[in-house]
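Below are the chains, spelled out letter by letter.
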Amino acid sequence: EADIYQTPRYLVIGTGKKITLECSQTMGHDKMYWYQQDPGMELHLIHYSYGVNSTEKGDLSSESTVSRIRTEHFPLTLESARPSHTSQYLCASSEEGGRWWNSPLHFGNGTRLTVT
Amino acid sequence: GQSLEQPSEVTAVEGAIVQINCTYQTSGFYGLSWYQQHDGGAPTFLSYNALDGLEETGRFSSFLSRSDSYGYLLLQELQMKDSASYFCAVRDQENNDMRFGAGTRLTVKP
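Residues numbered from 1 in each chain as written. Chains lettered and ligands numbered in written order. Predicted model: local features only at pLDDT ≥ 70, side-chain atom pairs only at ≥ 80, totals over all residues. Heavy atoms only, no water.

## A short note on the nonpolar core
(1) Moving on: Grouped together as the largest cluster of nonpolar side chains are 22 residues, with contacts concentrated most on B:Leu32, B:Trp34, B:Leu75, B:Tyr86 and B:Leu106.
(2) Moving on: Residue assignment for this core shows that the elements contributing at least two residues are strand 2 (9-13), strand 3 (18-26), strand 4 (29-37), strand 7 (60-65), strand 8 (70-75), strand 9 (84-92) and strand 11 (104-109) of chain B.
(3) Moving on: In this structure, B:Leu32 is in contact with B:Leu4, B:Cys22, B:Ser47, B:Tyr48, B:Asn49, B:Phe63, B:Leu64, B:Gly71, B:Cys88, B:Ala89 and B:Val90, ignoring residues within four places of it in sequence.
(4) Moving on: A:Val66, A:Phe74, A:Leu78 and A:Val115 belong to the second largest nonpolar core, which has 17 residues in total. (Core = buried A, V, L, I, M, F, W, Y, C linked by side-chain atoms within 4.5 Å. Buried < 20%, exposed > 50% of the residue type's maximum accessible area, 1.4 Å probe, protein only. Helix = DSSP H or I, 4+ residues; strand = E, 2+ residues; numbered from the N terminus. Contact = heavy atoms within 4.5 Å.)

Shown next, in the form of structure tokens:
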């Protein structure tokens with residue numbers, strides 16, 4: 001069973017604040033992802049990582065950064081939060097060994113961010 | 001790059017069969033996946049098609065035709081709990097990242 005955890009579950013923060021969304025997985029997966037999803041809408045890839053010390057930009061990455069110092073941990077940082085960042089942020093991981101191309105994504109429960 | 005299209009909404013009655021289509025334009029991908037997401041929840045993996053043809057998992061089946069750039073998810077014996085959003089997704093061959101369609105919201109009525 002997948003074990004991937006995101007904190008906080010909900011966050012309300014003022015404009016201009018720096019925030020870090022936490023994501024941890026206990027499955028030893030190499031590949032990790034961050035997606036942004038507005039209610040009822042598609043998932044937009046923000047960042048992904050192939051493994052430790054690897055970070056790649058997705059479609060909406062320009063206003064956020066990620067780090068991958070440990071396999072299990074993949075935090076997302078917004079340097080200066082804006083109301084346009086209000087959304088749900090989903091972290092996911094997948095196994096990259098063996099038949100990695102058909103390895104499903106395991107998602108966390110998400111962080112619902114509101115920037116006032 | 002990848003572009004996936006699926007209907008925005010589908011409505012069906014309990015016990016019925018519903019098919020959710022996904023058409024795509026892609027420069028290369030490894031396979032077509034389907035994910036289910038209930039309101040307020042996380043997406044969960046349903047099925048994967050690497051090759052053309054039908055894959056069956058219980059009440060759910062998924063189909064892929066690479067020559068037609070088309071796939072579908074078939075849900076049989078619909079239950080109220082199947083009301084959710086369903087996303088098709090492809091793993092890009094160039095970047096190895098996972099790209100999702102906009103999702104189809106399925107409403108199952110009594």
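## Points about the interface of chain A and chain B
(1) Moving on: Counting from both sides, the interface comprises 26 residues of chain A and, opposite them, 18 residues of chain B.
(2) Moving on: Carbon and sulfur atoms supply 53% of the area buried between chain A and chain B, which totals about 1900 Å² over both sides.
(3) Moving on: There are 1 salt bridge connecting chain A and chain B.
(4) Moving on: With 4 residues, strand 4 (residues 31-37) of chain A is the single largest residue contributor to the side of chain A that touches chain B.
(5) Moving on: Its residues assigned to classes, the side of chain A that touches chain B shows 13 nonpolar, 7 polar and 6 charged. (Buried area = accessible area lost by both parts, 1.4 Å probe. Salt bridge = Lys/Arg side-chain N within 4 Å of Asp/Glu carboxyl O. Nonpolar A, V, L, I, M, F, W, Y, C, P; charged D, E, K, R; others polar.)

## Observations concerning the packing of aromatic side chains
(1) Moving on: Per the counting criterion, the structure on display carries 12 aromatic pairs over all chains.
(2) Moving on: With 5.0 Å between their ring centres and 20° between their planes, B:Phe63 and B:Tyr72 make a pair best called stacked.
(3) Moving on: The exposure class of B:Tyr72 is buried, given its relative accessible area of 16%.
(4) Moving on: Taken together through their ring pairs, the aromatic side chains of A:Tyr33, A:Tyr35, A:Phe107, B:Tyr35, B:Phe45, B:Phe87 and B:Phe100 make up a single cluster. (Phe/Tyr/Trp six-rings, centres within 6.5 Å; stacked < 30°, edge-to-face > 60°.)

## Looking at the side chain of B:Ser47
All names here are of chain B.
(1) Moving on: Inspection of the secondary structure assignment puts Ser47 in strand 5 (residues 44-49).
(2) Moving on: A relative accessible area of 9% means that Ser47 is categorised as buried.
(3) Moving on: At 3.0 Å, the side chain of Ser47 forms a polar contact with the side chain of Ser62.
(4) Moving on: Ignoring anything within four residues of it in the chain, the contact list for Ser47 reads Leu32, Ser33, Trp34, Ser62 and Leu73. (Polar contact = N/O pair within 3.5 Å; in protein donor to acceptor, adjacent residues only side chain to side chain.)

## Thoughts on the pattern of salt bridges
(1) Moving on: Under the criterion given, the structure shown has 6 salt bridges over all chains.
(2) Moving on: A salt bridge links A:Asp59 to B:Arg99, with the nearest nitrogen and oxygen atoms 2.4 Å apart. On the criterion of chain membership, the pair formed by A:Asp59 in the loop between strand 6 (56-57) and strand 7 (65-66) and B:Arg99 in strand 10 (residues 98-100) is interchain, its members lying in two chains.
(3) Moving on: Judged by relative accessible area, which is 46%, A:Asp59 ranks as partly exposed.
(4) Moving on: On the basis of relative accessible area, B:Arg99 is assigned to the buried category, the value being 18%.
(5) Moving on: B:Asp82 is the salt-bridge partner of B:Arg59, the closest N and O atoms lying 2.8 Å from each other. You can see B:Arg59 sitting in the loop between strand 6 (53-57) and strand 7 and its partner B:Asp82 sitting in the loop between strand 8 and strand 9, a full 23 residues away along the chain. Residues B:Arg59 and B:Asp82 agree in their burial class; the two are buried.

## Looking at the layout of surface pockets
If a probe the size of a water molecule is rolled over the atoms, the empty space left behind becomes visible.
(1) Moving on: Each pocket or cavity is described by its volume, and for the largest pocket that value is around 180 Å³.
(2) Moving on: Together, 15 residues line the largest pocket, and A:Pro39, A:Gly40, B:Gln37, B:Asp39 and B:Gly40 are the ones closest to its centre.
(3) Moving on: Class assignment of the residues belonging to the lining of the largest pocket gives a composition of 3 nonpolar, 8 polar and 4 charged.
(4) Moving on: When its volume is computed, the second largest pocket comes out at roughly 150 Å³.
(5) Moving on: Lining the second largest pocket are 12 residues, and of these A:Gln36, A:Leu60, A:Glu63, A:His85 and A:Tyr89 lie nearest its centre.
(6) Moving on: Here the lining of the second largest pocket is composed, by residue class, of 5 nonpolar, 6 polar and 1 charged. (1 Å grid on protein atoms, 1.4 Å probe; cavity = no way out; pocket = protein on both sides within 12 Å on 5 of 7 lines; lining within 4 Å. Points joined across faces, edges and corners; volume = space filled by probe spheres on them.)

## Quick notes on the sheet that holds strand 1 (residues 4-7) of chain A
(1) Moving on: On the basis of which strands lie adjacent, the open sheet formed by 4 strands has the order 1-3-8-7 (chain A) and antiparallel pairing. With one partner strand each, in any of the chains shown, strand 1 and strand 7 of chain A form the two edges of the open sheet. (Pairing = 2+ DSSP bridges.)

## Digging into the pairing of strand 9 (residues 87-94) of chain A
Walk down a regular strand and you will see the side chains alternate between the two sheet faces.
All names here are of chain A.
(1) Moving on: Of all the 8 residues making up strand 9, 8 are buried; the element is thus mostly covered by neighbouring parts of the structure.
(2) Moving on: Burial along strand 9 is two-sided: the face carrying Ser87, Tyr89, Cys91 and Ser93 and the face carrying Gln88, Leu90, Ala92 and Ser94 are both buried.
(3) Moving on: Both strand 4 and strand 9 contribute to a ladder of 7 bridges, which runs antiparallel. Across the sheet, Gln36 pairs through a bridge with Tyr89, a residue of strand 9.

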